Amino acid sequence: MSEDRLPPKKRGSRSTPKARIGPVVMALYLIFLLVPIYWLVIMSFKSNSEILSSFTLFPDDFTLKNYRTILTDPSWYMGYVNSFIYVSLNTVISLLVALPAAYAFSRYRFFGDNHLFFWLLTNRMAPPAVFALPFFQLYSSVSLFDTHIAVALAHCLFNVPLAVWILEGFMRGVPREIDETAFIDGYGFTRFFTKIFIPMIAPGIGVTAFFCFMFSWVELLLSRTLTSVDAKPITAIMTRTVSASGLDWGVLAAAGVLTIIPGAIVIYFVRNHIAKGFALGRV
């Protein structure tokens, strides 16, 4: 019997080796990614003596002491507060600056627009270490050193170009006829931009906010250089866990777990926008 005459149930009943190997490879890859996170979590519930003395897949002496240390010691939990403050400031400032700039790049043509757009991206390509010393001297001279706004503005140098690049891709996908129709109907630019245009690129704004938040949250060099006491973030505090008795592994692991949680929460709330952004925009 030829293949064309086979019953529908028998056609393609044999799975190819590639189809069988694919799920196995994906499962191994996910395990490879999750093992460090799992190990970080179980370390946070162990004592230092257990961490250094034995290899266990689950804590033998389960303890919450490491988390109590972080949540009751102001030198620890204020690091999270400081990080939330300057990260939120940076995300808001980056979006407020990038939205009109991206609209201008997507709708107007002017002399040197392509060169200016490329120059913005070159700022994002530069490593933060290049700007650490200039920012330190500048903020020290204008009394902004060790303030939240100092770190937020410093991170704008990297987040604004990224935000403009992402948003410009979304705005190009919006037909120009919508702008013209709104202006004919009597909408001013501010009303059109806030009431009509921004809701249409909401997925792009969600994606942009996510990337701005994550860069500012995990960045260490500038946030450590531009702060000392009052605005010191948790990423900088985590590098000061060495005491007379050695490195406090349990507290450091607990701090790492608590540092991952905000990023997971942000991903949960903007997950739909991120999915649309990866499908529609430049991401």
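Because the structure is a prediction, the values reported are computed rather than measured.

Peer 1: Talk me through the packing of helix α6 (residues 129-141) against helix α7 (residues 148-172); I want residue IDs and the actual numbers.
Peer 2: Where α6 meets α7, the closest approach of the two axes is 11 Å, and the angle between their N-to-C directions is 145°. As for how α6 packs across α7, the hand of that crossing is right-handed. Along its contact with α6, which presents Phe-131, Phe-135 and Tyr-139, the element α7 presents Ala-150, Leu-153, Ala-154, Leu-157 and Phe-158. When its residues are assigned to classes, the contact of α6 with α7 shows eight nonpolar, no polar and no charged.

Peer 1: Got a sec to walk through the nonpolar core? Specific residues and values, please.
Peer 2: Judged by nonpolar contacts, the single largest core of 34 residues is most densely connected at Ile-70, Trp-76, Tyr-80 and Phe-135. At the level of secondary structure, the elements contributing two or more residues to this core comprise α3 (65-72), α4 (74-107), α6, α7, α10 (202-218), α12 (234-237) and α13 (249-269). If one sorts the elements of this core by residue count, α13 sits on top with seven residues. Apart from residues no more than four positions distant in its own chain, Phe-135 is found in contact with Ala-154, Leu-157, Leu-222 and Leu-226. Leu-95, Ala-98, Cys-156 and Phe-193 belong to the second-largest nonpolar core, a separate cluster that totals 27 residues.

Peer 1: Pulling in residues and values, what's your account of a nonpolar patch on the surface?
Peer 2: Together, Met-26, Tyr-29, Leu-30, Phe-32, Leu-33, Leu-34, Ile-37 and Ile-260 make up a nonpolar patch on the protein surface, roughly 820 Å² of accessible area in all. Here the nonpolar patch takes seven residues from helix α1 (residues 17-44), the largest share from any one element. One can find Ile-260 in helix α13.

Peer 1: Describe α4, and please don't skip the residues or the numbers.
Peer 2: With 34 residues, α4 should reach 50 Å at 1.5 Å per residue; the first-to-last C-alpha distance of 49 Å fits that figure. Approximately 25° is the largest bend angle found in α4, and it occurs at Ala-98, with the proline Pro-100 only one to four residues beyond.

Peer 1: Go over the confidence of the model for the protein, please, and point to the residues and values.
Peer 2: Residues of the protein with pLDDT of at least 70 account for 87%, and the chain-wide mean is 83. Mean pLDDT across the secondary structure elements of the protein bottoms out at strand β1 (residues 242-243), with 56, and peaks at α4, with 92.

Peer 1: Account for the packing of aromatic side chains, with residues named and values stated.
Peer 2: In this description, a pair of aromatic rings is defined by centroid distance and the angle of the planes. Enumeration according to the criterion identifies 19 aromatic pairs in this entry. Pairing Phe-45 with Phe-62 gives two aromatic rings, centres 4.7 Å apart and planes at 15°, and the pair type is stacked. Of this pair, Phe-45 sits in the loop between α1 and α2 (48-53) while Phe-62 is found in the loop between α2 and α3, placing the two residues 17 residues apart along the sequence. Owing to a relative accessible area of 18%, Phe-45 belongs among the buried residues under this scheme. Each ring, one from Tyr-103 and one from Phe-197, has its centre 5.2 Å from the other, and the planes form 90°; the classification is edge-to-face. Of this pair, Tyr-103 sits in helix α4 while Phe-197 sits in helix α9 (residues 189-200); the two residues are 94 residues apart in sequence, bridging distant segments of the chain. Here the basic side chain of Lys-46 rests over the ring of Trp-39, its NZ or CZ set 5.1 Å away from the ring centre.

Peer 1: So what's going on with the pattern of salt bridges? Which residues, and what values?
Peer 2: Any two side chains of opposite charge can pair, given that their charged atoms come close. In this structure the tally under the stated criterion is two salt bridges. Residues Arg-107 and Asp-179 are paired through a salt bridge, measuring 3.0 Å at the closest nitrogen-oxygen approach. Taken together, the positions of Arg-107 in helix α4 and Asp-179 in helix α8 (residues 176-184) put the pair 72 residues apart, joining distant regions of the chain.

Peer 1: Lay out the packing of α4 against α10 in plain terms, naming residues and giving numbers.
Peer 2: Look at α4 against α10: their axes get within 9 Å of each other, and the N-to-C directions meet at 140°. Judged by the inter-axis angle, α4 sits oblique to α10. For the crossing formed where α4 meets α10, the hand is right-handed. Where α4 approaches α10, its residues Tyr-80, Ser-83, Phe-84, Tyr-86, Val-87, Asn-90, Thr-91, Ser-94, Leu-95 and Leu-99 are matched on the opposing element by Ile-205, Thr-208, Ala-209, Cys-212, Phe-213, Ser-216 and Trp-217.

Peer 1: Describe the side chain of Ser-216, naming the residues involved and giving the relevant values.
Peer 2: In this structure, Ser-216 sits in helix α10. In contact with Ser-216, other than residues within four places in its own chain, are Tyr-86, Val-87, Asn-90, His-155 and Asn-159.

Rules and cut-offs
Residues numbered from 1 in each chain as written. Predicted model: local features only at pLDDT ≥ 70, side-chain atom pairs only at ≥ 80, totals over all residues. Heavy atoms only, no water. Axes fitted to C-alpha atoms, helices over the stretch in contact; angles between N-to-C directions. Helix = DSSP H or I, 4+ residues; strand = E, 2+ residues; numbered from the N terminus. Left-handed = near helix turned anticlockwise from the far one by under 90°. Contact = heavy atoms within 4.5 Å. Nonpolar A, V, L, I, M, F, W, Y, C, P; charged D, E, K, R; others polar. Core = buried A, V, L, I, M, F, W, Y, C linked by side-chain atoms within 4.5 Å. Buried < 20%, exposed > 50% of the residue type's maximum accessible area, 1.4 Å probe, protein only. Patch = residues over 30% accessible without salt bridge, like charges linked within 9 Å, V, L, I, M, F, W, Y side chains within 5 Å. Areas by Shrake-Rupley, 256 points an atom, 1.4 Å probe, with all protein chains shown as cover. Salt bridge = Lys/Arg side-chain N within 4 Å of Asp/Glu carboxyl O. Expected span 1.5 Å × (residues − 1). Bend = angle between axes of the 7 residues up to and from the residue. pLDDT = per-residue confidence, 0-100. Phe/Tyr/Trp six-rings, centres within 6.5 Å; stacked < 30°, edge-to-face > 60°. Lys NZ or Arg CZ within 6 Å of the ring centre and 35° of its normal. Parallel < 35°, antiparallel > 145°, perpendicular 65-115°, else oblique.

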